[in-house]
Amino acid sequence: MATTPQAVIDDRGAPSATQEKARRHLWMHFTRMGGYDERHEIPMIVKGEGSYVWDEHGTRYLDGLSALFCVNAGHGRAELGEAAARQAKELGFYTNWSYAHPVAAELAARIANLAPGDLNRVFFTSGGSEAVESAWKLSRQYHKLTGNPLKTKIISRETAYHGTTFGALSITGITPLRTPFEPLVPGAHHAPNTNDYRWAEDRDPLWAADQIEHVIEFQGPESVAAVILEPVQNSGGCFVPQDGYWQRVREICDRHNVLLIADEVICSWGRLGHYFGVDRFGVVPDMITTAKGLTSAYAAMGGVIVSDRVADPFMADTNTFTHGITFGGHPISAAIAMANLDIFEREDLCGHVLAKEPEFRGMLDKLKEDLPIVGDVRGAGYFHALELVKDKETKESFSDEESEDLLRGFMSGELYKRGLICRADDRGDPVIQLSPPLIADTEEFELIDNVLRSVLTEAWERIVRH
Ligand code: PLP
């Protein structure tokens, strides 16, 4: 198991000056920089419009991943830049440390209005890891303020990705991402995820939910502050919860006075066809962490949306959440988020995702029906994964070596060459992940179908040959 494979493009002629600068000076994230040289280019994306982006050679790609699950409203939305310019003229920056500014207040009120239940208070951050980090710190301080100072631990799920800063990384459940940095922050523990494709058929459907209670009891409920889960778990390939899973976890958390945090860095802002992923599953958490699609990624912004019950102790007397980030609530990011939400409302992007989801899903189900390499299709809204297997009947998966050859050696580069950006991932069993902009429609589904069908067919021929 490794991190996400990257596309390395062979022989496109003489490298451009920007290629050379990138190779020499830019440190790309989660990237094997040594894989690029004179003959193997870095994909250089220079322009975007709607669901598509273009590279420096003028080649067009369908952005089947919304960059990184985040350009939800699609590329080329000049009005988001115009909103930023208006705000820059008015007030380019002021901080949220002891000061407010109108656009952060307007945005907080708008988010509170859209969020479920009594989640009415927003603590802004610059991104998703900081939101997760802040939510853990907030749960610890909440319990201290309410007379339970020993409640410090947090429980997340195996294979889940929650970010890379030390607290968030400790919560992340992906071993190869954790080991280079150990020892991590003490107090983060992991429970099984909801990957029922790999369960025995007669297993109780709420087994994974009950496993969370098992971990709470094993750790000692008096020491557990919070449980953090994504509505649909990204890493491992869009694991959806079983019916009733979230309700059972909510009951468990209430029983043990443990806060329930929905990590919606991906699942909020229409990705599952609702403003918040938890709305799809009918549950109200105590906090939601968000980022990415809040601004459709036109500016860096995240936040923790907190229930009145959890926020109230911090609002009393001289109490303070002793935590802050310079750029939290940045006015330009907030102005972009407001304009982004205007687009969501005007174009009913959530409604579009719900209306088109059956067609998107139907196309993927057909790939599974037709192709021997596709073992499972799962996900919700515009957030789906195909799991690749060696044998559909037995669900036999690929060894680490085979997976390296299949994903890195063949598929990542091949999908890109044929005009589709999506994720070929092996942070669990090998999967292809799709998360197109929320404006994607039949034309884009057809393109995804064509490219995946040809690349997966060739991948299967390679496997049979070997
Ligand atoms: N939480 C989840 C569920 C995520 O998917 C991510 C990023 O993909 C993060 C947290 C971290 O967000 P960021 O990369 O903005 O720090």
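Residues numbered from 1 in each chain as written. Predicted model: local features only at pLDDT ≥ 70, side-chain atom pairs only at ≥ 80, totals over all residues.

So what exactly am I meant to see when it comes to the overall build of the protein here?
Looking only at helices and strands, the protein features 15 helices and 17 strands. The C-alpha radius of gyration computed for the protein amounts to 22 Å, which stays within 12% of the reference 23 Å derived for 466 residues, consistent with globular compactness. Along the longest, intermediate and shortest principal axes, the C-alpha atoms of the protein span 70 × 60 × 45 Å. Within the protein, residue pairs in contact and separated by at least 24 positions form 74% of the contacts whose partners lie at least 6 positions apart. (Helix = DSSP H or I, 4+ residues; strand = E, 2+ residues; numbered from the N terminus. Rg over C-alpha atoms; globule rule 2.2 N^0.38 Å. Contact = placed C-beta atoms within 7 Å.)

Explain the site of the ligand here, please?
Surveying the vicinity of the ligand reveals 13 residues, the closest of which are Gly127, Gly128, Ser129, Gly163 and Val265. The residue makeup of the shell around the ligand, split by class, is five nonpolar, six polar and two charged. (Near = placed C-beta within 6 Å. Nonpolar A, V, L, I, M, F, W, Y, C, P; charged D, E, K, R; others polar.)

Explanation requested: helix α3 (residues 78-91) in the structure shown.
Along its 14 residues, α3 runs 20 Å from first to last C-alpha, staying within 8% of the 20 Å computed at 1.5 Å per residue. Of the residues making up α3, those classed as buried are Leu80, Ala83, Ala84 and Gln87. Viewed along the axis of α3, the buried residues span an arc of 100°, placing them on a single side of the element. Exposed residues pointing more than 90 degrees away from the buried face of α3 are listed as Ala78, Ala85, Arg86 and Lys89. Its buried side turned inward, α3 meets α4 (102-114) and α12 (331-347). (Expected span 1.5 Å × (residues − 1). Buried ≥ 20, exposed ≤ 12 C-beta atoms within 10 Å, placed from the backbone. Arc of directions from axis to C-beta.)

Just checking my understanding: could you explain the environment of Ser66 for this structure?
By the element assignment, Ser66 lies in helix α2 (residues 66-69). Looking at Ser66, the number of C-beta atoms within 10 Å reads 28, which means it is buried. Each C-alpha atom of the pair Ser66 and Thr159 lies 22 Å from the other, and the pair is 93 residues apart in sequence. Beyond its immediate chain neighbours, meaning those up to four positions away, Ser66 contacts Val71, Asn72, Ser435, Pro436 and Pro437.

Help me out: how do you make sense of unusual backbone geometry in this one?
Residues other than glycine predominantly adopt negative phi, and peptide bonds predominantly adopt the trans conformation. Omega for the peptide link from Glu182 to Pro183 comes to 5°, which places this bond in the cis form. A positive phi angle, near 70°, is found at Thr159, a position not held by glycine. Thr159 gets classed as buried once you count the C-beta atoms within 10 Å, which come to 23. Even without glycine at this site, Asp348 takes up a positive phi of about 45°. Mapped onto the elements of the fold, Asp348 is located in the loop between α12 and α13 (349-370). Judged by C-beta crowding, with 12 C-beta atoms within 10 Å, Asp348 ranks as exposed.

Explanation requested: the domain arrangement of the protein in the structure shown.
It is common to give the size of an interface as the accessible area that goes away when the parts come together. Assigned domains within the protein: domain 1 (9-76 + 349-465) and domain 2 (78-347). Each of domain 1 and domain 2 was reduced to a C-alpha centroid, and the two centroids are 27 Å apart. The partner domain 2 presents 28 residues to the 30 residues of domain 1 that form the contact. Only α2, α13, β13 (374-380), β14 (383-388) and β17 (431-434) provide two or more residues apiece to the side of domain 1 that touches domain 2. Sort the elements by how many residues they give to the side of domain 1 that touches domain 2 and α13 lands first, with six residues. Looking at the side of domain 1 that touches domain 2 residue by residue, the class counts come to 15 nonpolar, nine polar and six charged. (Domains from an automatic or database assignment.)

Teacher, can you tell me more about the nonpolar core here?
Nonpolar side chains tend to gather and get buried jointly when the protein is soluble and globular. Ranked by internal contacts, the top residues of the largest apolar core, which has 127 residues, are Val227, Val249, Leu259 and Ile336. Here this core gathers at least three residues from each of two domains, domain 1 (9-76 + 349-465) and domain 2 (78-347). (Core = buried A, V, L, I, M, F, W, Y, C linked by C-beta atoms within 7 Å.)

Would you mind showing me how to read the sheet that holds β17 here?
By definition, the strands of a sheet pair up through backbone hydrogen bonds, in either a parallel or an antiparallel sense. In spatial order, the strands read β13-β14-β17-β16; together these four strands make up an open sheet with antiparallel pairing. Every other strand in the sheet has two partners, leaving β13 and β16 (423-425) as the edge strands with one partner each. For this sheet, the mean angle separating the axes of adjacent strands, direction not counted, is 20°. Here β16 runs beside β17; their pairing, made up of three bridges, is antiparallel. From the neighbouring strand, Asp425 faces β17, where its bridge partner is Val431. (Pairing = 2+ DSSP bridges. Axes fitted to C-alpha atoms, helices over the stretch in contact; angles between N-to-C directions.)

Any chance you could explain the environment of Phe181 here in plain terms?
In this structure, Phe181 sits in the loop between α7 (175-178) and β8 (188-191). Given 11 C-beta atoms within a 10 Å radius, Phe181 is considered exposed. Note: C-alpha distance between Phe181 and Ser170 (11 residues apart in sequence) is 9.5 Å.

Looking at this model, I keep getting lost on the packing of helix α14 (residues 400-417) against helix α15 (residues 442-465). Mind explaining?
A pair of packed helices can be characterised by two numbers: the angle between their axes and the separation between those axes. It is at 10 Å that the axes of α14 and α15 come closest, and there the two elements cross at 155°. In terms of orientation, α14 and α15 fall into the roughly antiparallel class. Both α14 and α15 take part in a crossing whose hand is right-handed. Residues Leu406, Phe410, Met411, Glu414 and Leu415 of α14 lie in contact with α15, whose contacting residues are Val451, Val455, Ala459 and Arg462. (Parallel < 35°, antiparallel > 145°, perpendicular 65-115°, else oblique. Left-handed = near helix turned anticlockwise from the far one by under 90°.)

Quick question: what am I supposed to make of the sheet that holds strand β12 (residues 302-307) here?
Spatially, the seven strands line up as an open sheet ordered β6-β12-β11-β10-β9-β7-β8, and their pairing is mixed. What marks the edges here is a single partner per strand, and that holds for β6 (119-125) and β8. The mean inter-strand angle of the sheet, taken between neighbouring strand axes irrespective of direction, is 25°. Pairing geometry for strand β11 (residues 287-290) and β12, over four bridges, is antiparallel.

Where do I start with the environment of Gly81 in this structure?
Among the secondary structure elements, Gly81 is positioned in helix α3. With 349 residues separating them in the primary sequence, Gly81 and Pro430 have C-alpha atoms 38 Å apart.

Any chance you could explain the packing of α4 against α12 here in plain terms?
In contact at an axis separation of 9 Å, α4 and α12 are set at 40° when each is read in the N-to-C sense. Between α4 and α12, the angle is such that the two are oblique. Where α4 crosses over α12, the handedness of that crossing is left-handed. Residues Val103, Ala104, Glu106, Leu107 and Arg110 of α4 form the contact with α12, whose own contacting residues are Pro331, Ala334, Ala335, Ala337, Met338 and Leu341. Its residues assigned to classes, the contact of α4 with α12 shows nine nonpolar, no polar and two charged.

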